[in-house]
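For reference, the chains in residue letters:
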Amino acid sequence: METQEINLSSSAIGSDSEEKTSEGEGGEGTYAASLNPKYTTTNQINIQPQRLKIVNICETETNIDDDEISLSNIEDDDELSLYDRDHTTLALEYRELSLSKEGRQTLIELNAVPKLVLLIRNGENEEVKLNALRALFNLSVVDESTRKQIVSAGAVPLLLEAALEANSAQPNAVGTLANLATESDIKLIIVSKYQGLKPILSLLRSEDATVKAHACRALFAIAANDDNKLAIAQAGGLPLLLECMGSSSVAVQINAAGALANLAIHPYNKPKLVEGGALAIMKRMAFSESDKVQRQVARCLFALAAHTENRKHIVESGCISALAYMLCIQKEEVQRNAAGALGNVAMSDEFKAAVVDSGALKPLIMLSLSNSESVKRQTARTIFTLSAKEEIKARIIEEKGLPNIIRLACSTSPEIQRDASGALANLAIGSENKDLVIKCGGLEPLLNLLRSDQSQVQRQSARAIFALAGSNENQIEIIKGGGVPPLVNLLANGHDEVKKHAAGAIANLASNYPKECAGAIPILLESLQCSNLEVRRQSSRAIINICPEDAGVALSVSRYVGQNGEKQRLRHDMRELYRETCIPSYSFGKEEEKEAVVIPTFYDLKLVLRNNVAVPCHSAIVTARSTVLKKMIDLTTLSSKAYRTSIVTKIYLDWELSHPILLESLLEYLYTDSIKINSSRLKSAELKGELLLLAQRLQLPRLEGLMSGIKRPSSWCYDFEAFSSGINYGDITIYPTAAQKCRKLSPTRKTDATIGCRANRCVLLARSSYFKALFSHPWKDASSGVLHLDCAPNILQFVICYIYGLHLPTLGEEDWLQVLEAASQLNLTGLARLAESSIVATATDLYNIAAHLPFVDAPILKLYVIYNILVNDLDIYVEGLDKFKHKWF
């Protein structure tokens, strides 16, 4: 009995595609002005915890100096009018109203936005424009509707113009643009319609820290759009923003770092920022006294670390230590992004140890107890990734990390559940930690996660149970905990990646507890027809462990593993036919004709070169693959008489080939769609070039690609699908007969000649050991051009389609039973297994199936019938029933 577990490569653990590109997102805040010309810009940037999306959240903090102005003189004021008040008074009153929330609401009700825009455009003096700009700045914090009204009133070009004028109104103009840019559609209007990017970038060189801070904030907002990310970089914005990081103003640092973090999300910008020296700057700013700066620095490193090539530079620059330091900053967003950045670095196997050596492991384990779901999410992902490395597993255990990981597995978040169960699976691979996971209480949450409706959670929890079941002591605990039913359910309904782990877990459990796992047999049998090789392999292990004494079952299920699909079976059989037919024994260079060693594969054609070197082959196969060769060969002269009189047609090729390996390689390609047997002999560039020219002459584009290193789509399956037309030139005809009880091929039985199927001996013997034996001996059947098969016409047609790799029609249960009988007598192993699995998947009449069992080679079908007889207490006898009853029940 076999016990096995899967030890996945470290690069695969924790590497779900969504995690490879995990990055933070940026939002932008809006700011309001006070009467003080130096505006405070301490508003925090709002970042939502979703990855790979920039979510723009408008924060509406207003910084107001309450002692600077009194609004008592305008209480109960009548409606303000641009026409009955002078511009100076009106602009001042609007500005005063804009300083409070109530006043801003009054201005909105008065529809003051268009009037303010008019004052900015046509004001009598600079004071009017200044007060109007300040009022508009304060109004731009109100809500989305107000910001859109400001744009609709035509303010954007006026604001861009005012932003370039170095006066006291400049900060208000730039600040208003920054507030407007928090809306996704307005970002595009500023950049695309009004070409605002260049003037805003020019403000990054301003001597006024407030102007520079607002300009950085505007770019922070504008960079939330993917197209704008690229536009800013191409306009030269990256080095300017990096330069701003050296400002003494914390406000400039915050917004410049936020803009860089947003820009770093774009693939084009990731390497550009590293090349521009961003890592040294981020490392320095990670130790800033402002946690708001640290937040944006962590976001930027999170994004940069998603680029594979950047990870090496992040490690070598010392940013790993900076990230480990930021894990200890008591701010949720700093911790989340720092953990995410470390997780991205650890995605590359060679840098996992560097992450641990930086001192990050202990704070990561502590953060797994955080009250923040977003922090725990990134922490779980990073620990999952790190735990793939063998030496780090021991460090996690030493740091008392296992109980914390188990607590993460109890989370209600599917992402945390997935990563925590994945980490437990990694820790359980290997003998040391299996029992420890159980002792620390890890089994119960893992069994609960098997019932999750999330496929990735199912996958990782099944992986963990698979690994834990590798211990004999744990197997009984898993069974007592009710682990078998959810595993069977996953095997029946999960994705292939889930099924292979579920089947592996059942196989491990069945190694010592076959009776407890017997209920999985129907699903395991159905899984043998899965297209995934590993699912079939683990399912076959489980069946063999459940039925260890039945050699027939072991042999039968093992045949599901060897070939991955029927097309591969066909390709394998044709490669063997090529070996036996087309690889001749001769010495190259003599003038006389060289004869190949005659092998009984019924070749009907020899391709003869100028120097009389001749290679045998089959005309049906050669003409199916090459239309050029088909034109050269008159198939009508290759009748069935050729085989009875040993006539072989020779086709003289006007080809000057430097070595016979070229012709052999060509034929290998025609038979198998590949060059594997002769690949080691085609080492020189001259031979490859010569074969390339030959492929071009014969119009074989895939062979051209193989020789030139260009991937071309395969035509192999298509050619053999079209091979049905070549069957009309077959050298043998097979007829169906009506006598269903006689299960032998006979050359004498009388049938309706109109329903016979033409076939080629070469293909029949390549696909069936029965036909190979029949045609290799001087029996009457071998020399006759007619055979009879005791089956219905549609069954015969189905068998021929299978042999030639053609599309298989849909069949019912009774038809599949007849196919199974035909496959059994013709020794078509692949078809027999296909029929068995199809009957298992659709079985309804166990009595009828049981009646066919004595005539077919179908051990897994027999196993299925016996199981259902015992479970349902049916009055049906099948040989071996008592043995299995004693074993299972």
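As the structure is a prediction and not an experimental result, all values here were calculated from the model. (Residues numbered from 1 in each chain as written. Predicted model: local features only at pLDDT ≥ 70, side-chain atom pairs only at ≥ 80, totals over all residues. Heavy atoms only, no water.)

Points about the overall build of the protein
Thought 1: When helices and strands are counted, the protein shows 53 helices and eight strands.
Thought 2: Each of the 889 residues in the protein was classed as buried or not, and the buried ones make up 58%.
Thought 3: Taking all contacts inside the protein whose residues are at least 6 apart in sequence as the whole, residues at least 24 apart take part in 71%.
Thought 4: Total accessible area on the protein is roughly 36000 Å²; 50% of this is exposed by carbon and sulfur atoms. (Helix = DSSP H or I, 4+ residues; strand = E, 2+ residues; numbered from the N terminus. Buried < 20%, exposed > 50% of the residue type's maximum accessible area, 1.4 Å probe, protein only. Contact = heavy atoms within 4.5 Å. Areas by Shrake-Rupley, 256 points an atom, 1.4 Å probe, with all protein chains shown as cover.)

Some thoughts on the packing of aromatic side chains
Thought 1: Inspection of every chain in the model, using the stated rule, returns five aromatic pairs.
Thought 2: Here the aromatic rings of Phe287 and Tyr325 are separated by 4.6 Å at their centres, their planes lie at 35°, and the arrangement is tilted. Here Phe287 is found in the loop between helix 16 (278-285) and helix 17 (291-304), whereas its partner Tyr325 is found in helix 19 (residues 319-326), with 38 residues between them in sequence.
Thought 3: Aromatic pair Phe771 and Phe775: ring centres 5.7 Å apart, planes at 20°, arrangement stacked. (Phe/Tyr/Trp six-rings, centres within 6.5 Å; stacked < 30°, edge-to-face > 60°.)

So, the sheet that holds strand 4 (residues 614-617)
Thought 1: The three strands lie next to each other as 4-3-5, forming an open sheet whose pairing is mixed. Pairing within the sheet leaves two strands with one partner each, and these edge strands are strand 4 and strand 5 (649-652). When the angles between neighbouring strand axes are averaged without regard to direction, this sheet yields 25°.
Thought 2: The pairing of strand 3 (residues 605-608) with strand 4 spans four bridges and is antiparallel. When the sheet's bridge partners are listed, Val608 is paired in strand 4 with Ala614. (Pairing = 2+ DSSP bridges. Axes fitted to C-alpha atoms, helices over the stretch in contact; angles between N-to-C directions.)

Notes on helix 12 (residues 226-234)
Thought 1: Buried within helix 12 are the following residues: Asn228, Lys229, Ile232 and Ala233. Viewed along the axis of helix 12, the buried residues span an arc of 135°, placing them on a single side of the element. Turned more than 90 degrees away from the buried face of helix 12 sit Asp227 and Gln234, all of them exposed.
Thought 2: On the buried face of helix 12, the contacting elements are helix 9 (184-193), helix 10 (197-202), helix 11 (209-222), helix 13 (237-244), helix 14 (250-263) and helix 15 (269-275).
Thought 3: One side-chain oxygen of the residue at the start of helix 12 lies 2.9 Å from the amide nitrogen of Asp227, identifying that residue as Asn225.
Thought 4: Of the residues one or two after helix 12, Gly236 is the one with positive phi, at around 90°. (Arc of directions from axis to C-beta. Polar contact = N/O pair within 3.5 Å; in protein donor to acceptor, adjacent residues only side chain to side chain.)

Here's the deal with the nonpolar core
Thought 1: Met326, Ile465, Trp655 and Leu667 are the most contacted members of the largest nonpolar core, which has 270 residues in total.
Thought 2: Excluding anything up to four places from it in sequence, Leu667 contacts Tyr578, Cys582, Leu607, Val615, Pro616, Cys617 and Val622. (Core = buried A, V, L, I, M, F, W, Y, C linked by side-chain atoms within 4.5 Å.)

Focus: the confidence of the model for the protein
Thought 1: Averaged over every residue, the pLDDT of the protein is 80; residues scoring 70 or more account for 79%.
Thought 2: Of the regions scoring below 50 in pLDDT, residues 585-599 engages in 31 contacts with residues more than four places distant in sequence or in other chains. (pLDDT = per-residue confidence, 0-100.)

Here we look at the pattern of salt bridges
Side-chain pairing between opposite charges can occur once the charged atoms of the two side chains come close.
Thought 1: Summed over all chains, the structure comprises 19 salt bridges.
Thought 2: A salt bridge links Lys772 to Glu580; the nearest nitrogen and oxygen atoms lie 2.7 Å apart. Here Lys772, found in helix 46 (residues 769-775), pairs with Glu580, found in helix 37 (residues 566-582); they are 192 residues apart in sequence, far enough to count as distant.
Thought 3: Take Glu580: its relative accessible area is 23%, and that puts it in the partly exposed class.
Thought 4: A single salt-bridge network, built from bridges that share partners, covers Asp349, Lys352, Lys389 and Glu391. (Salt bridge = Lys/Arg side-chain N within 4 Å of Asp/Glu carboxyl O.)

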